Each structure stands twice: as C-alpha cells, then as structure tokens.
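# Geometric and topological summary
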Amino acid sequence: PIYNGWGCSNGTMYAKNNVIFDVSNDNPTLIKSKWQNFELDFEKWQSLFHQDEGSVVGDPLIADLKEFDFTISESSPALKLGFVPFDGFVLTGKK
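A brief report on the enclosed structure follows. Because the structure is a prediction, the values reported are computed rather than measured. All chains use their own residue numbering, which begins from 1 and follows the written sequence. Per-residue local features of the predicted model are confined to residues with pLDDT of at least 70, and side-chain atom pairs are confined, for both listing and counting, to 80 or more; whole-chain, interface and lining totals are unaffected and use all residues. Each side-chain value is worked out from all heavy atoms of the structure, with water and hydrogens disregarded.

Moving on, we get to the overall build of the chain. Strands here mean DSSP runs of E at least two residues long; helices mean DSSP runs of H or I at least four residues long; both are numbered from the N terminus. Tallying secondary structure elements over the chain gives 2 helices and 6 strands in all. Across the chain, helices and strands are ordered from the amino to the carboxyl terminus as β-β-β-α-β-β-β-α. Residue exposure (1.4 Å probe, protein chains only): buried if accessible area is under 20% of the type maximum, exposed if over 50%, otherwise partly exposed. Here the chain holds 95 residues, and the buried ones make up 21% of them. Put simply, of all contacts in the chain between residues at least 6 apart along the chain, 48% involve residues at least 24 apart. Counting only carbon and sulfur atoms, one obtains 51% of the accessible surface of the chain, whose full area is about 7,200 Å². Any two residues having at least one pair of non-hydrogen atoms within 4.5 Å are treated as being in contact. Only the protein chains shown count as cover for residues, with accessible areas throughout obtained via the Shrake-Rupley method and a probe of 1.4 Å.

Aromatic pairing here means that ring centres of Phe, Tyr or Trp (its six-membered ring) are within 6.5 Å. Orientation follows from the plane angle: under 30 degrees is stacked, over 60 is edge-to-face, and everything else is tilted. Within the structure shown, the criterion is met by 3 aromatic pairs. Taking 5.5 Å as the distance between ring centres and 50° as the angle between the ring planes, the aromatic pair formed by W45 and F49 counts as tilted. Here the residue W45 and the residue F49 both occupy positions in helix α1 (residues 42–49), the gap between them amounting to 4 residues, near one helical turn. In this structure, W45 and F49 share a single accessibility class: buried.

Note on terminology: a nonpolar core comprises buried Ala, Val, Leu, Ile, Met, Phe, Trp, Tyr and Cys residues joined through side-chain atoms within 4.5 Å. Grouped together as the largest cluster of nonpolar side chains are 7 residues: I20, L30, I31, L40, F42, W45 and F49. Of all elements in the fold, only β2 (29–33) and α1 reach the threshold of two or more residues within this core.

This part takes up the layout of surface pockets. Where empty space is left can be seen by rolling a probe of water-molecule size over the atoms. Grid points spaced at 1 Å over the protein atoms alone were grouped into cavities, where a 1.4 Å probe fits but cannot get out, and pockets, open sets with protein on both sides within 12 Å along at least five of seven lines, with lining residues defined by an atom within 4 Å of a point. Grid points are joined across faces, edges and corners, and a volume is the space filled by probe spheres set on the points. A volume near 550 Å³ is recorded for the largest pocket. Taken together, 19 residues form the lining of the largest pocket, with P60, I62, F70, I72 and F83 sitting closest to its centre. Broken down by element, the lining of the largest pocket gets its largest block of residues, 4 residues, from strand β6 (residues 69–72). Each residue is assigned to one class: nonpolar for Ala, Val, Leu, Ile, Met, Phe, Trp, Tyr, Cys and Pro, charged for Asp, Glu, Lys and Arg, and polar for all the others, Gly among them. Each residue belonging to the lining of the largest pocket can be placed in one class, and the counts come to 14 nonpolar, 4 polar and 1 charged.

Turning next to a nonpolar patch on the surface. Within this analysis, patches are made of residues with over 30% relative accessible area and no salt bridge. Like charges are joined at 9 Å or less; nonpolar side chains (Val, Leu, Ile, Met, Phe, Trp, Tyr) at 5 Å or less. Just to be clear on terms, a salt bridge is a Lys or Arg side-chain nitrogen sitting within 4 Å of an Asp or Glu carboxyl oxygen. A cluster of nonpolar side chains, namely F21, V23, L65 and F70, defines an oily patch on the protein surface of about 340 Å² accessible area. With respect to the secondary-structure elements, F21 resides in the loop between β1 (19–20) and β2.

Glancing now at unusual backbone geometry. Phi is positive for H50, close to 55°, though the residue is something other than glycine. Checked against the element boundaries, H50 lands in the loop between α1 and β4 (56–57). In the Ramachandran plot, L61 falls in the positive-phi region, its phi being about 60° despite a non-glycine side chain. Mapped onto the elements of the fold, L61 is located in the loop between β4 and β5 (62–64).

The structure is reproduced here in structure tokens:
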C-alpha cells in the first residue's frame, strides 16, 4: 500500500499533487487492511477521504530506482504538478 495508517481520516494528514506510482502494479493500492480485509484504490481513496486532490497515477519517470538515481525526466508528470528538482537528496535505511 502507498499510505499506511489512518491519519487521513482524522485530519492529521493531508495529501495533494502527488504522482502515485507502484512498480509492481498499474493500479496501486492506497490503503490495505489485513484485519478488515479491504483495499482502496486511487479513486476510492479520493472519494472516501478527499485526499490527493490534483494527484495522478502514473510513472514519475525516475532515472534508475535500482541504482537509487532519483533524477526525473524532463517529461515527468511530477514537474507538471509543481515539483522542483533539488540537489542533496539523502537516502536513509537499507540500500
């Protein structure tokens, strides 16, 4: 799942203008609950929680995920949403 937890339902989280992408699936699951046996796709997520206004589902055209090169193409949908590339991206956790 893209989002983990329910911060979106109690007002502690707000998401908008994102490029939603899952390398394993063209229709990403935004929230998945094992104990309640349900999943929310992008459209259901938007309609139920009023989240991700202006967001799109699609490939952000990142240069090389496997090599951790997060440079984006000039035709990336992220740029159309207002993302401004920056230097100094720092990875945390496992590589």
